[in-house]
Amino acid sequence: RQADKDATQASHADALRMAEEAVALDAECGAALSTIAYLHWRRLWAGSRPQSPDDAKAGLAAARRAIDVDSSDHVAHLWKGMLLVYCDQPAAGLADLRRAHELNPNDALTFSLLGQIEAGAGHVELGLRHAQEALRLSPRAANAYYARGLAYSAGGDQTRAVADFSQVLALQPDSAEALLG
């Protein structure tokens, strides 16, 4: 299991290095900038190492630059929103997540993450609807079950929450650490 974690961290480090090289070649490469934003968020969310306080700043800077390059890039809005939520700016984060959804209303990952954050912000029914839409679009997506489980939990339905979290573990057994801390 540790070898898998190490390989994943190395893969993310390689991806970050390649995305930074792409930006060095083309400062307006929106895909690379969005990738940088995602990878910094992923480090923060997953607690991957190396992690530093600068990850949030670097991720937000990359997302903002990607949006400056192409304001219709839903992926850049998605990761900017998640980074803002991580930085304890949930209202601003939700605004960017909602903008990502407006730009691409058929992205299962956006629905899933928006569902998680809406439910966490107290908008349980909206979070549940977003999670269910994510499952409609991607019925085997563990993150969609996770989002719905969070929404059920926030709404007080622990039985359904546990069932969805169990489905996450069935789909992604290595998710246990993320679910259990």
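Residues numbered from 1 in each chain as written. Predicted model: local features only at pLDDT ≥ 70, side-chain atom pairs only at ≥ 80, totals over all residues. Heavy atoms only, no water.

Draft legend 1. Looking closely at the side chain of Lys80. For Lys80, the location among the structural elements is in helix α4 (residues 74-86). One polar contact links Lys80 to Asp96, side chain to side chain, over a distance of 3.2 Å. Here Lys80 is in contact with Leu60, Ala63, Arg64, Ile67 and Asp96, once residues within four sequence places are set aside. (Helix = DSSP H or I, 4+ residues; strand = E, 2+ residues; numbered from the N terminus. Polar contact = N/O pair within 3.5 Å; in protein donor to acceptor, adjacent residues only side chain to side chain. Contact = heavy atoms within 4.5 Å.)

Draft legend 2. Inspection of the pattern of salt bridges at higher detail. Counted by the stated rule, this structure contains nine salt bridges. Here Glu102 and Arg99 are joined by a salt bridge, their closest N and O atoms 3.1 Å apart. Residue Glu102 and its partner Arg99 are both found in helix α5 (residues 90-103); the two are separated by three residues, about one turn of the helix. A salt bridge links Glu133 to Arg136; the shortest N-O distance between them is 2.5 Å. A residue pair is termed a helical-turn pair when its members lie 3 or 4 positions apart in one helix, as Glu133 and Arg136 do in helix α7 (residues 124-137) at three residues. Taken together, the shared-partner salt bridges connect Asp14, Arg17 and Glu21 into one network. (Salt bridge = Lys/Arg side-chain N within 4 Å of Asp/Glu carboxyl O.)

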